[in-house]
Every structure is written in C-alpha cells, then in structure tokens.
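# Descriptive structure summary
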Amino acid sequence: WTTVLHCNEKPFDDVRVRKAFKLAMDRESWVRVTQMGYAIPGNDTPLAPIYDGLEGVLPTVQDIEQAKALLAEAGYPNGLDLKCQFINDYTTDHATWLAGAVEKAGFRLELQPNPEYWQVWLNDWGENVIGVSNWGMRATPSEILNIALRSTAAWNDSHWYNEDFDQKLDAYDAELDPTTRKQQLLDIVQ
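This write-up is about the structure you can find in this document. Just so it is clear, the model here is predicted, and its values are computed rather than measured. Along each chain, numbering runs from 1 in the same order as the chain's sequence is written. At least 70 in pLDDT is required for a residue's local features to be given in this predicted model, at least 80 for side-chain atom pairs to be given and counted, and no such filter applies to totals for whole chains, interfaces and linings, which use all residues. Note that the side-chain values use all heavy atoms of the structure and ignore hydrogens as well as water.

Attention now goes to the environment of Asn128. Numbering of helices and strands runs from the N terminus; a helix is a DSSP stretch of H or I covering at least four residues, while a strand is a stretch of E covering at least two. With respect to the secondary-structure elements, Asn128 resides in the loop between α5 (117-120) and β4 (129-133). Sequence-wise, Asn128 and Ala48 are 80 residues apart; in three dimensions their C-alpha atoms are separated by 27 Å. Two residues qualify as a contact provided that any one of their heavy atoms is within 4.5 Å of a heavy atom in the partner residue. Leaving out residues up to four positions away in the same chain, Asn128 has contacts with Lys10, Pro11, Leu80, Asp81, Leu82 and Lys83.

So this is what it looks like as structure tokens:
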C-alpha cells in the first residue's frame, strides 16, 4: 500500500511536512494491524525490502515529537487537517489505519472513499488532500521506479520531480555489473 502525497501541492510541497508525515507512522504496527503480520515494513519508497540489495534498508522509525516539531517549523503548530481519498476496496484498511496512526503527530485525516479514485488519481487534488493507492509488486526495481517516480513517468502519482533521481536511475538502468547495481539502488532509495 502506498500513501500518495502530491509533492507539488500544499502542504506537501514542503519537505518538512512530508518528513513529519513519515515520522508519524509506526510501520511495525501497520504490519500487525493491516497485514496480520504477513508483511515486511518498508522505508518510504515504493520498493519492498525483498528486492536484491534492499534487505538491509531499515524502515523509518516513528518519532512523534520530531514530527510535531517539523510541522510547527513548517507553519502548522496546531497540526493539519487533511482529506484522504481512496477507492473503497482493500485500500480501506490502510486508509483507516493511517488516520489513527498519524493523529498523535497532529495530522487529522478525514476519510473520503472515492469510487472515481482511479479516474482522478493522477490529477491535481488541491490543498490538503492525500491518497491511498497500491502499486503492488513489479518484476524489478527499475520497472516500478521508471513507472512511478521518474519525472517524466506517465503514472507519477506523487507528482515528485527530481533530476538527480532521474540521472541516478539512468545510470542504474545502464549498469550491467550486479554489485555496482546494488550500490546504485541503495543510493537511489536513500
């Protein structure tokens, strides 16, 4: 499951708000509550730690106080009201868990199931709106990174654009040595 924050829309155009959101969650709780223990917590990338070279990447550790401090620094000392859109299917469990998980840090989520989610998921949503999606698994890290995160990707649902990332991804895709590729992938996701 993926929480989608549009990096080109307020308040998520501020890296402090994005970082605060990441720090608000207890990923081990997510595994227990929504996946009945049958998952591996990830590290704020769309790549699962099952891919070769990523097994040692540790998930972000929850830090409510740092999340609150970052929110205050970004201009939200009293927290932030958000709307969370998702299609009302298996993503509902994640959205519901998410609303409770980030509340302690000051994020107040209003859940808005949207049967038209897949028709609007790539559009601008407006201020204070997030989404819940599921990229599922892909055969290789390159496949998902090129589809979901490259600046020119047709399905860049986070609206994140970063030339340095694109260049690193080009180098990763061109590299043939597996040892070098592992190091490049680590550099890309960290």
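So, on to empty space enclosed by the protein. The way it works is a 1 Å grid over only the protein atoms, where trapped points that fit a 1.4 Å probe form a cavity and open points with protein on both sides within 12 Å along at least five of seven lines form a pocket, and then any residue with an atom within 4 Å of a point lines it. Grid points are joined across faces, edges and corners, and a volume is the space filled by probe spheres set on the points. Under the criterion given, the structure shown has one cavity of 30 Å³ or more. Counted as a void, the largest cavity has a volume near 60 Å³. Gly42, Asn43, Thr45, Leu47, Ala48, Pro49, Leu54, Val57 and Val189 together form the lining of the largest cavity. Throughout, the ten residues Ala, Val, Leu, Ile, Met, Phe, Trp, Tyr, Cys and Pro are labelled nonpolar, Asp, Glu, Lys and Arg are labelled charged, and all others, Gly among them, are labelled polar. Residues belonging to the lining of the largest cavity are distributed by class as follows: six nonpolar, three polar and no charged.

To obtain each axis, a line is fitted to C-alpha atoms, and for helices this fit is confined to the stretch in contact; angles are then taken between N-to-C directions over 0 to 180 degrees. Look at helix α7 (residues 163-174) against helix α8 (residues 178-189): their axes get within 10 Å of each other, and the N-to-C directions meet at 165°. In terms of orientation, α7 lies roughly antiparallel with respect to α8. Crossing hand, α7 versus α8: left-handed. The segment α7 lies against α8, with Phe165, Lys168, Leu169, Ala171, Tyr172 and Asp173 engaging Arg181, Gln184, Leu185, Asp187 and Ile188. Of the residues belonging to the contact of α7 with α8, the class tally is six nonpolar, one polar and four charged. If an angle is under 35 degrees, it is roughly parallel; if it is over 145, roughly antiparallel; if it lies from 65 to 115, roughly perpendicular; otherwise it is oblique. Whether a crossing is left-handed or right-handed is set by the direction in which the near helix is turned from the far one by less than a right angle, anticlockwise for left-handed and clockwise for right-handed.

Time to look at the packing of aromatic side chains. Here the distance between the centres and the angle between the planes together describe a pair of aromatic rings. In summary, the pairing rule links any two rings of Phe, Tyr or Trp, Trp by its six-membered ring, whose centres are within 6.5 Å, and it sorts them by plane angle into stacked for under 30 degrees, edge-to-face for over 60 and tilted for everything else. Following the criterion strictly, the structure yields seven aromatic pairs and no others. Their ring planes at 80° and their centres at 5.0 Å tell us that Phe21 and Phe107 sit as a pair that is edge-to-face. A residue pair is termed long-range when its members are at least 10 positions apart, and Phe21 in helix α1 (residues 15-23) and Phe107 in strand β3 (residues 107-113) qualify at 86 residues. For the pair Phe21 and Phe107, one class covers both residues: buried. Taking the centre distance of 6.2 Å and the plane angle of 45° together, the rings of Tyr117 and Trp125 count as tilted. Only protein chains enter the accessibility calculation, which uses a 1.4 Å probe. A residue is then buried if its area is under 20% of the maximum for its type, exposed if over 50%, and partly exposed in between. We classify Trp125 as buried; its relative accessible area is 14%. Of the aromatic side chains, those joined through ring pairs into one cluster are Tyr117, Trp118, Trp121, Trp125 and Trp155.

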